[in-house]
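The residues making up each chain are set out below.
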Amino acid sequence: MMADVFDRVKAIIVDRLDVEEDKITLEASFKDDLEADSLDVVELVMELEDEFDMEIADEEAENINTVGDAVNYINSKQS
Amino acid sequence: MLQGKNALVTGASRGIGRAIALELARQGANVAVNYAGSEQKAQEVVEEIEKLGVKACKVQANVASESEVKAMVKEVTSQFGSLDILVNNAGITRDNLLMRMKEEEFDQVINTNLKGVFICTKAVSRQMMKQRSGRIINVASIVGVAGNPGQANYVAAKAGVIGMTKTTAKEFASRNILVNAVAPGFIATDMTDELTDEQKNGMLDMIPLAKLGQPEDVAKVVRFLASDDANYITGQTIHIDGGMVM
């Protein structure tokens, strides 16, 4: 389950941010490690909402800083 | 000029909004006609647009209500399939001298004329960001640049719209969403009909072209800003005022 979510998140990041797949670890920070600007992060969250068919409130989206944050958030909502 | 484009015009049942909706339709765009209360008038605009051979629909929403606007944008995008052009035109006046202006009068105008632009812009931004293209045109007012006695609320809102236009233009530029404003001067509409003859004559004296503008004068500039001819213009406010404020 965890791996599945991670893979789907990874695919979206590769597509959106145009980064090498091996740079995308759970610890990777969108802004510091994956060179996303704040608008990129907003867009990623939008994509995640569509991919996982969920709504991520703005307050919660603000706490998503790393790839792991996103994966954990999605897992917590899907369980 | 706008063949196959899909547009949403707020406050499009009459006045400048109506002229904009018709002008976009004349250039080939499908147009969603937003209205707050005048359903009959909105229906007439829809019928006029359909005669031009493009799609039209009327959508009710108070632009100051986020939930109503979200529902409206959802309906328009599902009907048209995409949303290329948003014209934030809906506006009201509650004129009064500042010393007599009630808090309620101030709030109503700010809510519709300023917060409404924020809500509508936010509501379409997701769709336009995904498309990697979009045009947002805000109808401000020349009084937002120059000030006007008796309109502290309206002027504050319109000046706010001009500032928001610049910020939104900067935030969305990397996604190819262009945001501009028009600042109409003294245009012949229901809103300016309410002015006294004395006020009207006073204004005419300040207009170098010495006549009122027509809603179509504004609509044609909006059409230009919505078109590919304006590909390299963003964050600007174009005065359409017969030279009143330079």
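In what follows, the accompanying structure is described.

What counts, and where the lines are drawn
Residues numbered from 1 in each chain as written. Chains lettered and ligands numbered in written order. Predicted model: local features only at pLDDT ≥ 70, side-chain atom pairs only at ≥ 80, totals over all residues. Heavy atoms only, no water. Helix = DSSP H or I, 4+ residues; strand = E, 2+ residues; numbered from the N terminus. Rg over C-alpha atoms; globule rule 2.2 N^0.38 Å. Buried < 20%, exposed > 50% of the residue type's maximum accessible area, 1.4 Å probe, protein only. Contact = heavy atoms within 4.5 Å. Areas by Shrake-Rupley, 256 points an atom, 1.4 Å probe, with all protein chains shown as cover. Pairing = 2+ DSSP bridges. Right-handed = clockwise from strand over helix to strand, strands pointing away. Axes fitted to C-alpha atoms, helices over the stretch in contact; angles between N-to-C directions. Core = buried A, V, L, I, M, F, W, Y, C linked by side-chain atoms within 4.5 Å. Parallel < 35°, antiparallel > 145°, perpendicular 65-115°, else oblique. Left-handed = near helix turned anticlockwise from the far one by under 90°. Nonpolar A, V, L, I, M, F, W, Y, C, P; charged D, E, K, R; others polar.

1. Focus: the overall build of chain A
When helices and strands are counted, chain A shows four helices and zero strands. Its helices and strands in sequence order give chain A the pattern α-α-α-α, from N to C terminus. Computed over the C-alpha atoms, the radius of gyration of chain A is 11 Å, within 12% of the 12 Å expected from 2.2 N^0.38 for a compact globule of 79 residues. Within chain A, buried positions represent 47% of all 79 residues. Considering only residue pairs separated by 6 or more positions, chain A has 52% of its internal contacts joining residues 24 or more positions apart. As displayed, chain A offers around 4,600 Å² of accessible surface, 42% of which is attributable to carbon and sulfur atoms.

2. Examining the side chain of Asn180(B)
All names here are of chain B. Take Asn180: it is sitting in strand 6 (residues 177-184). Using a relative accessible area of 2% as the deciding quantity, one classes Asn180 as buried. Excluding anything up to four places from it in sequence, Asn180 contacts Ile136, Ile137, Asn138, Thr165, Leu225, Ile233, Thr234, Gly235 and Gln236.

3. Focus on the pairing of strand 3 (residues 56-60) of chain B
One face of the sheet, then the other: side chains in a regular strand alternate in exactly this way. All names here are of chain B. Looking at chain direction, strand 2 (residues 30-35) and strand 3 are connected through five bridges and run parallel. Bridging across to strand 3, Val33 finds its partner in Lys58. Regarding the hand of the β-α-β motif, the stretch spanning strand 2, helix 2 (residues 39-51) and strand 3 is right-handed.

4. Here we look at the sheet that holds strand 2 of chain B
All names here are of chain B. Strand order in the open sheet formed by seven strands is 3-2-1-4-5-6-7, and the pairing between neighbours is parallel. Only two strands of the sheet have a single neighbouring strand rather than two, namely strand 3 and strand 7 (237-240). On average, adjacent strands in this sheet sit at an angle of 20° to one another, irrespective of strand direction. Where strand 4 (residues 85-88) lies against strand 5 (residues 134-139), four bridges are found, and the strand directions are parallel. Looking across to strand 5, one finds that Val87 is bridged to Ile137.

5. A few points about the nonpolar core
All names here are of chain B. Residues Ile20, Leu24 and Ile49 are the most contacted members of the largest nonpolar core, which totals 34 residues. Of all the secondary structure elements, the ones that give two or more residues to this core are strand 1 (6-9), helix 1 (15-26), strand 2, helix 2, strand 4, strand 5 and helix 9 (215-226). Once you skip the residues sitting within four places of it in the chain, Ile49 turns out to touch Ala21, Leu22, Ala25, Val31, Val33, Val54, Lys55 and Ala56.

6. Structural notes on the packing of helix 1 of chain B against helix 2 of chain B
All names here are of chain B. Their axes nearest at 9 Å, the elements helix 1 and helix 2 cross at an angle of 20°. Comparing the axis directions of helix 1 and helix 2 gives the class roughly parallel. Seen from above, helix 1 lies across helix 2 with right-handed handedness. Contact residues: Arg18, Ala21, Leu22 and Ala25 in helix 1; Val45, Glu48 and Ile49 in helix 2. Among the residues making up the contact of helix 1 with helix 2, the classes are represented as five nonpolar, no polar and two charged.

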